[in-house]
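Report on the structure
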Amino acid sequence: MLIEFRVSNYRSIGEEQVLSLIPAQKQKEYLENIFTKGKHSALNALAIYGANGSGKSNLLLAMGLFDKLIHLSARSSSTTKLPYDPFLLREGWESKPTKFEITFIVQEYKYRYGIEFQKEAIVSEWLYRKSEGREVVVFLRREDTIDASSGFKGNTKVIDAAIEATRPNALFLSTCDMLNIEEAKTIFQWFKHFNNIDGIDTEDEEIRTLSMWDNELDRENITEYLLRLNLGFVGIDISKKDFDEADLPKNINESTRSLLIRNLSDSQSYSVLALHKIYSSDGTETGKNIAWNFDERESKGTNKAFHLSGPILWALKNGGVLIIDEIEAKMHPLLTLDTINMFLNQKTNPNKAQLIFATHDTNLLSYSNLRRDQIYFTEKNKWESTEIFSLSDFIYLGENNIAKSEKERPDTDKEKRYFEGRYGAVPFLSPFKPLKSKNNGKKG
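An account of the accompanying structure is given in this report.

Analysis parameters
Residues numbered from 1 in each chain as written. Predicted model: local features only at pLDDT ≥ 70, side-chain atom pairs only at ≥ 80, totals over all residues. Heavy atoms only, no water. Helix = DSSP H or I, 4+ residues; strand = E, 2+ residues; numbered from the N terminus. Buried < 20%, exposed > 50% of the residue type's maximum accessible area, 1.4 Å probe, protein only. Contact = heavy atoms within 4.5 Å. Areas by Shrake-Rupley, 256 points an atom, 1.4 Å probe, with all protein chains shown as cover. Lys, Arg positive; Asp, Glu negative; His and termini not counted. Charge placed at Lys NZ, Arg CZ, Asp CG, Glu CD. Axes fitted to C-alpha atoms, helices over the stretch in contact; angles between N-to-C directions. Parallel < 35°, antiparallel > 145°, perpendicular 65-115°, else oblique. Left-handed = near helix turned anticlockwise from the far one by under 90°. Nonpolar A, V, L, I, M, F, W, Y, C, P; charged D, E, K, R; others polar. Pairing = 2+ DSSP bridges. 1 Å grid on protein atoms, 1.4 Å probe; cavity = no way out; pocket = protein on both sides within 12 Å on 5 of 7 lines; lining within 4 Å. Points joined across faces, edges and corners; volume = space filled by probe spheres on them.

Describing the overall build of the protein
On a plain count of helices and strands, the protein comes out with 12 helices and 20 strands. Considering only C-alpha atoms, the protein reaches an extent of 75 × 65 × 60 Å along its principal axes. For the protein, the proportion of its 444 residues judged to be buried stands at 47%. The long-range fraction of contacts in the protein, counting pairs at least 24 apart against all pairs at least 6 apart in sequence, stands at 62%. Summed over its atoms, the accessible surface of the protein is roughly 23,800 Å², and 49% of this surface lies on carbon and sulfur atoms. Charge separation in the protein, taken as the distance between the mean sites of 59 positive and 64 negative side-chain charges, equals 4 Å.

The structure is reproduced here in structure tokens:
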């Protein structure tokens, strides 16, 4: 269960920004949108709104990059550069470290794990654990010095070996996982359920869907999920084929052919077909079907629905965190709303999966059952750095702009107020000047 994410000095994000899934106090609407685990509570979804270029995608990219660093760090070489991409619009920030920190629940523990890094090396790294009492240190790292506490769960000699083996450009936590240290492996199991998706370019997600197809129950769930969306087809057929060198183009040279054969000899290709009904000349059903290539003949939106069906259903089945940028891209608003409702509904989301998405679809402000603390906005400040804030942070102003104790009401027309600019996070458009011509408007 994800509790909080912090980021600073990454791309358009300068000062530290906090994306929190902790429910706001005294908000009573949609209590079913709150998950509990022991004494801890978290929201089941967050929506992020903002103008183009305000930093929505960078916030989600930061979460995805943190996940990639954790999984790939210890397996990279000693010369691998870290993906350091700092805020560049304020003097001196190009030499400051980027910081990521994530707080989450695993079993009965709350963990807080963070890193600071630059291009060449990890500057600092820390892991804290909290159970019933106070938060305790698991390990602290400052450049080449790593101090692991006696409470770090694992073989002491192996932990010492991990300290010695951790390279300057690698994460200590990742090295511990490679050496099968117990507590690190537990944390990595949580990150296994962390998935970040680009909602515009979804082709890569087809791999997850295809990998689930071999499981009979998953195949039934994917088929049922897609058919209930009424996308036009009546079924899907996916076939696998082993690599056959006879399928290679005839006009490639022998060295290239040999290289491809070596690399592809144990691989398989997939063919995805959509089944459609065939109708008679008078428009009645014939009982026959026609199958055609899904990628070639189905719409972009239908292909996206297929690509994302696997990741969505995998998250709902296994729990975890699903992050989707531009969730509404290529999709009808009702299909986007349906996806969100699957995570908000405890019956379809019994394993407490969490959805975080960025969107421009303002219909969701009116028609989704999102709480005020589940709606975030991104906006650039005066020095063009991204800042994020929640709708639950808004309060009404009285006379002389004195703040009242009254928060934004849950029954407010949020979509209307957002379009009116009441919450900020909208584009400010300058008047469009008439186009210039060569004769500057004079008659020729």
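Some points on the packing of helix α9 (residues 300-318) against helix α10 (residues 333-344)
Geometry of a packed helix pair, given as the angle between the helix axes and the separation of the axes. Running from N to C, α9 and α10 cross one another at 10°; their axes reach a closest spacing of 11 Å. Looking at the two axes, α9 sits roughly parallel to α10. By crossing handedness, the relation of α9 to α10 is classed as left-handed. When α9 is examined against α10, the residues Ile312, Leu313, Ala315 and Leu316 are found in contact with a partner set consisting of Thr339, Met342 and Phe343. Of the residues in the contact of α9 with α10, the class split is 6 nonpolar, 1 polar and no charged.

Regarding the sheet that holds strand β7 (residues 109-117)
Picture the strands of a sheet paired through backbone hydrogen bonds; they go either parallel or antiparallel. If you trace the 7 strands from one edge of the open sheet to the other, you get β2-β1-β6-β7-β8-β9-β10, paired in antiparallel fashion. Looking at strand neighbours, the two that pair on one side only are β2 (17-20) and β10 (145-148), the edges of this open sheet. Strand-to-strand, the axes of this sheet are offset by a mean angle of 10°, without reference to chain direction. Of the pairings in the sheet, the one linking strand β9 (residues 136-142) to β10 comprises 4 bridges and is antiparallel in character. Counted as the bridge partner of Phe139 is Ala148 from β10. The sheet contacts of helix α1 (residues 56-72) involve β1 (2-8), β2, β6 (98-106) and β7, and relative to β1 the element is tilted by about 100°.

A look at the layout of surface pockets
In this approach the atoms are scanned with a rolling probe the size of a water molecule, which exposes any empty space left behind. If you add up the space inside the largest pocket, you get close to 590 Å³. Taken together, 24 residues form the lining of the largest pocket, with Gly64, Lys68, Asn195, Asn196 and Ile197 sitting closest to its centre. Contributions of two or more residues to the lining of the largest pocket are made by α1 and β11 (194-198). With 8 residues, the top contributor of residues to the lining of the largest pocket is α1. Of the residues in the lining of the largest pocket, the class split is 8 nonpolar, 6 polar and 10 charged.

Structural measurements only, silent on function.
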